[in-house]
Amino acid sequence: MTHANKTGAAGAGPCGLVLALSSGLLAFERAAVIGLMGLVSVLILLNVVTRYMGTPIYWIDESAIYAVVWLSFIGASAMTRLRLDFTVGLLTERLPPTGVKVARVIATAFTMLFGLILSYMCWIWMDPIGIAAAGFNAKAFAGETFNFLYTEHTQTLNWPTWMVSLIIPLFAVSLTIHGLANLLEDLELTPRRVYRGFPMAHAEAAS
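Here is a short report on the structure shown in this document. Treat the numbers as computed from the prediction; the structure is a model and nothing was measured. (Residues numbered from 1 in each chain as written. Predicted model: local features only at pLDDT ≥ 70, side-chain atom pairs only at ≥ 80, totals over all residues. Heavy atoms only, no water.)

Details of the overall build of the protein
Point 1. Looking only at helices and strands, the protein has eight helices and two strands in total.
Point 2. Counting helices and strands in the order they occur from the N terminus, the protein gives β-α-α-α-α-α-α-α-β-α.
Point 3. Every one of the 207 residues in the protein was classed for burial, and the buried ones make up 34%.
Point 4. A sequence separation of at least 24 residues applies to 73% of the contacts in the protein between residues at least 6 apart.
Point 5. With an accessible surface of roughly 12,800 Å², the protein has 71% of that area assigned to carbon and sulfur atoms. (Helix = DSSP H or I, 4+ residues; strand = E, 2+ residues; numbered from the N terminus. Buried < 20%, exposed > 50% of the residue type's maximum accessible area, 1.4 Å probe, protein only. Contact = heavy atoms within 4.5 Å. Areas by Shrake-Rupley, 256 points an atom, 1.4 Å probe, with all protein chains shown as cover.)

What to know about helix α2 (residues 60–81)
It helps to recall that an α-helix has 3.6 residues per turn; residues three or four apart then point in one direction.
Point 1. Relative to the 32 Å expected for 22 residues at 1.5 Å per residue, α2 spans 32 Å between its end C-alpha atoms, a close match to the ideal helical length.
Point 2. Taken residue by residue, α2 has I60, E62, S63, A64, A67, L71, I74, G75, S77, A78, T80 and R81 as its buried positions.
Point 3. Where α2 ends, the next residue or the one after it, R83, has phi of about 60 degrees, a positive value. (Expected span 1.5 Å × (residues − 1).)

Observations concerning the nonpolar core
The nonpolar side chains of a soluble globular protein tend to be buried with one another.
Point 1. Core analysis: the largest hydrophobic core is formed by seven residues, namely M126, I131, A134, A138, F141, L149 and Y150.
Point 2. Not counting chain neighbours up to four residues away, the residues in contact with L149 comprise W125, M126, T161, W162 and S165.
Point 3. With six residues, the next largest nonpolar core counts A32, V33, L36 and L71 among its residues. (Core = buried A, V, L, I, M, F, W, Y, C linked by side-chain atoms within 4.5 Å.)

Notes on the pattern of salt bridges
Point 1. Under the defined criterion, the tally for this structure stands at six salt bridges.
Point 2. A salt bridge links R81 to E185, with the shortest nitrogen-to-oxygen separation between them at 2.8 Å. Here R81, found in helix α2, pairs with E185, found in helix α7 (residues 167–186); they are 104 residues apart in sequence, far enough to count as distant.
Point 3. For R81, a relative accessible area of 3% gives the class buried.
Point 4. For E185, a relative accessible area of 5% translates into the label buried.
Point 5. Residues E185 and R83 are paired through a salt bridge, measuring 3.1 Å at the closest nitrogen-oxygen approach. With E185 in helix α7 and R83 in the loop between α2 and α3 (97–126), this pair connects stretches of sequence that are 102 residues apart.
Point 6. Here the salt bridges share partners, and the residues they tie into one network are R81, R83, E185, D186 and R192. (Salt bridge = Lys/Arg side-chain N within 4 Å of Asp/Glu carboxyl O.)

Some thoughts on the environment of L39
Point 1. Assignment of secondary structure puts L39 in helix α1 (residues 14–52).
Point 2. When the C-alpha positions of L39 and A64 are compared, they lie 8.0 Å apart, and in sequence the two are 25 residues distant.

Concerning helix α5 (residues 138–145)
Point 1. Buried residues of α5: A138, F141 and A142, and no others. Take α5 and look down its axis: the buried residues cluster within an arc of 100 degrees, on one side only. Along α5, the residues that are exposed and aim more than 90 degrees away from the buried face are K139, G143 and E144.
Point 2. Where α5 is buried, its residues contact α4 (128–133).
Point 3. At the N-terminal boundary of α5, the capping side chain belongs to N137, with an oxygen 3.2 Å from the backbone nitrogen of K139.
Point 4. F146 sits one or two residues past α5 and shows a positive phi near 60 degrees. (Arc of directions from axis to C-beta. Polar contact = N/O pair within 3.5 Å; in protein donor to acceptor, adjacent residues only side chain to side chain.)

Some remarks on the side chain of T161
Point 1. In this fold, T161 is placed in helix α6 (residues 161–165).
Point 2. For T161, the residues in contact, after removing those within four places along its chain, are L149, E152, H153 and T154.

What about the packing of aromatic side chains?
Point 1. A full pass over the atoms with the stated rule returns three aromatic pairs.
Point 2. A ring pair is formed by F73 and F171, whose centres lie 5.2 Å apart and whose planes are at 65 degrees; its orientation type is edge-to-face. With F73 in helix α2 and F171 in helix α7, the pair connects residues that are 98 residues apart, well separated along the chain.
Point 3. Under the relative-accessibility criterion, F73 is labelled partly exposed at 27%.
Point 4. Their ring planes at 45 degrees and their centres at 6.3 Å tell us that Y150 and W162 sit as a pair that is tilted. Separated by 12 residues along the polypeptide, Y150 in the loop between α5 and α6 and W162 in helix α6 bring together distant segments of the chain.
Point 5. For Y150, a relative accessible area of 17% gives the class buried. (Phe/Tyr/Trp six-rings, centres within 6.5 Å; stacked < 30°, edge-to-face > 60°.)

Okay, here's the thing in structure tokens:
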């Protein structure tokens, strides 16, 4: 389980709630990443063995692809909270400490803004109100809106496409939560947390 070492007293009120939500989400993401990495390894190994034996399983390739997609989105969300996302320090290296703090706040705010915009786009794309108004009749919904998300299925697994695509709105929401938590820390409204169980979250481990 992932534990957070707090550098100071935990923030109370809404700030504490956001940080607690982000920490719980990060713990779930860590478990999901580990599970998906194991699943991808098993699928690839199984694919190699079955092909070598001359009896390949046709749905393994697609399963591995979707597992990697989910792994990538979940990992990207966790990396955002751990501040392991890509940064460009060409400008901030030449700024005074106050300027660095301002630049960090702006960058974090844009991350949260991106999460909010992506969440809104996913809401329009999946249109939960529209599909509910159609009585969850995918064909009727597609006929009225020309949105065929709920009528399509994957090629070999024959899973509903919307189930596989659900990772995108989930990523958008988690990115928004982690971005807000990072913003609260950058604004110094709450102490910054250091998480155990993520060695690469520390600069010395990444060097």
